[in-house]
Amino acid sequence: MPEPAQELPAPFLRTALPGPRGQRLIAADEQYTSPSYTRVYPLAVERGYGAVIEDVDGNRFLDFTAGIAVCSTGHCHPRIVAAIQEQAAKLIHMSGTDFYYAPQGDLAKKLAEMAPGSGAKLVFFTNSGAESVEAAFKLARYHTGRQHMIAFFGGFHGRTMGALSLTGSKVVQRRGFAPLIPMVSHVDYPNCYRCAQRPSTALASCCLDSLNQLEDLFKRTVAPQEVAGIIVEPIQGESGYIVPPPEFHRELRRLCDRHGILYIADEVQSGMGRTGKMFALEHWGVVPDIVCLAKGIASGMPLGAIIARAELMDWGPGSHASTFGGNPVSCVAALETIKLLEDGLMHNAATVGEHLQARLRELASRHRLIGDVRGLGLMVGMELVRDRTTKEHASTERDEIVQLCFRRGLLLLGCGPSTIRFCPPLVITQEQCDVAVGILDEVLAKWDGV
Ligand code: PLP
């Protein structure tokens, strides 16, 4: 058995990267896995604990990725491991679509009670974010009898055909896969950092522009009576961790209500405590009609869900289902995840997130490449620009910084054209944040005099 992992600090590097075992593993992997995967640096993982990842050569990294915002309770939290082991010894699969077992029912009850809004709610289980979005898309059409959907440029909702039709993030994700689902329109998502605020407007100009684009759409090309739903990320994730102005979601909710359009919140990345609240929309007091969840819901076990007002989920038996959705092992991991979030991790996300943002803002005062620091809780983005006036994206610089941090034992990912995202496990400490900021400080110095 390996020594007690929690005792071991990170970063700790003992070989060149990747080490010899890592090199062999990567070469073998690349011979047989799809070239569509986007590995940005050569990390071959052996195990993880808390906010630390250990590679196959014994190098230890501080993890600010959480496996793309998934391992919310930290890698292999002992309570999650115990819940999984206990359930796996009892029942691994029986299909919640056809049969009953307690973990699925218990989790449905918990999610229905937790989701914003006071009325009765129902839950449909999936295995991933894209599947949750597919389910929401289908339910919106089914319930309203309307066909059109609206999404936002920059929005990422997954890569299955329906979800991809809603995704408006990068052309590489859509190219070669046409025709996608018809009757989907996209409008701009408000971006305060890149907004030319007009003094005469009461709302932030970027917010007003998005709402005006929607109204324009309704006047020129799409009758609002034909729109089933608007899908929106409370904070845009893959496009750069963009936090909209506070009034945006409330105004969007009002617009949906005016036209009988369903408000679908894609909380796949922002939900499950990451922003310091269980659902990011709670920051603005907005109640959605349908919520999509996945990623952080089960600490790394594959699970997704949609939660909808009970009267909306009016599809009959056989209209939608999934063999694996609501798997009992994933469900117990989710129940334990929620307990851990409620027992303190959500609070940790809020307080440590604030600390992280403050430290990154301090860095911004010293390194001219940093254009903006933003976020909520532990969903934090740092946008890099070549010039603070023109805000030209520093994309190659961002990519190089991510590489250089990896070489120093800090795992980061990019998002959007030139943003570094910080989405660590929610167990991360202030001290670990300080170590990460120290590494970034060293790395960013390369661009100070340029
Ligand atoms: N929705 C959002 C907001 C996401 O960030 C993602 C993944 O990054 C998805 C949906 C798709 O999730 P998955 O990769 O589990 O299909």
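Residues numbered from 1 in each chain as written. Predicted model: local features only at pLDDT ≥ 70, side-chain atom pairs only at ≥ 80, totals over all residues. Heavy atoms only, no water.

1. Thoughts on the site of the ligand
Phase 1 of the analysis: All residues in the neighbourhood of the ligand are listed as S128, G129, A130, F156, H157, G158, E233, E238, D266, V268, Q269 and K295.
Phase 2 of the analysis: Taking G129, its main chain carries an N or O atom lying 2.8 Å from an oxygen atom of the ligand.
Phase 3 of the analysis: Within the side chain of D266, an N or O atom sits 2.7 Å from a nitrogen atom of the ligand.
Phase 4 of the analysis: For the ligand, whose accessible area on its own is 400 Å², the fraction buried by protein is 82%.
Phase 5 of the analysis: Residue composition of the shell around the ligand, by class: three nonpolar, five polar and four charged. (Near = heavy atom within 4 Å. Polar contact = N/O pair within 3.5 Å; in protein donor to acceptor, adjacent residues only side chain to side chain. Areas by Shrake-Rupley, 256 points an atom, 1.4 Å probe, with all protein chains shown as cover. Nonpolar A, V, L, I, M, F, W, Y, C, P; charged D, E, K, R; others polar.)

2. Brief notes about the pairing of strand β7 (residues 227-232)
Phase 1 of the analysis: With six of six residues buried, β7 lies mostly within the body of the structure.
Phase 2 of the analysis: Note: strand β5 (residues 148-152) against β7, three bridges, orientation parallel. Opposite M149, over in β7, you have G229 as the bridge partner.
Phase 3 of the analysis: As judged from the four bridges shared by β7 and strand β8 (residues 262-266), these two strands associate in the parallel manner. Paired with I231 across the strands is I264, a residue of β8.
Phase 4 of the analysis: Between the parallel pair β7 and β8, the chain is carried across by helix α9 (residues 248-259), and the sense of this crossover is right-handed. (Buried < 20%, exposed > 50% of the residue type's maximum accessible area, 1.4 Å probe, protein only. Helix = DSSP H or I, 4+ residues; strand = E, 2+ residues; numbered from the N terminus. Pairing = 2+ DSSP bridges. Right-handed = clockwise from strand over helix to strand, strands pointing away.)

3. Remarks on the packing of helix α4 (residues 102-114) against helix α10 (residues 328-366)
Phase 1 of the analysis: Where α4 meets α10, the closest approach of the two axes is 8 Å, and the angle between their N-to-C directions is 35 degrees. α4 and α10 meet at a crossing whose hand is left-handed. Residue-level contacts link P103, Q104, D106, L107, K110, L111 and M114 of α4 to P328, C331, V332, A334, L335, I338 and E342 of α10.
Phase 2 of the analysis: A per-class count over the contact of α4 with α10 returns ten nonpolar, one polar and three charged. (Axes fitted to C-alpha atoms, helices over the stretch in contact; angles between N-to-C directions. Left-handed = near helix turned anticlockwise from the far one by under 90°. Contact = heavy atoms within 4.5 Å.)

4. Quick look at the environment of A265
Phase 1 of the analysis: Looking at the element boundaries, A265 is found in strand β8.
Phase 2 of the analysis: When the C-alpha positions of A265 and I235 are compared, they lie 10.0 Å apart, and in sequence the two are 30 residues distant.
Phase 3 of the analysis: Residues in contact with A265, not counting those within four places in the same chain, are V232, L281, P288, I290, V291 and C292.

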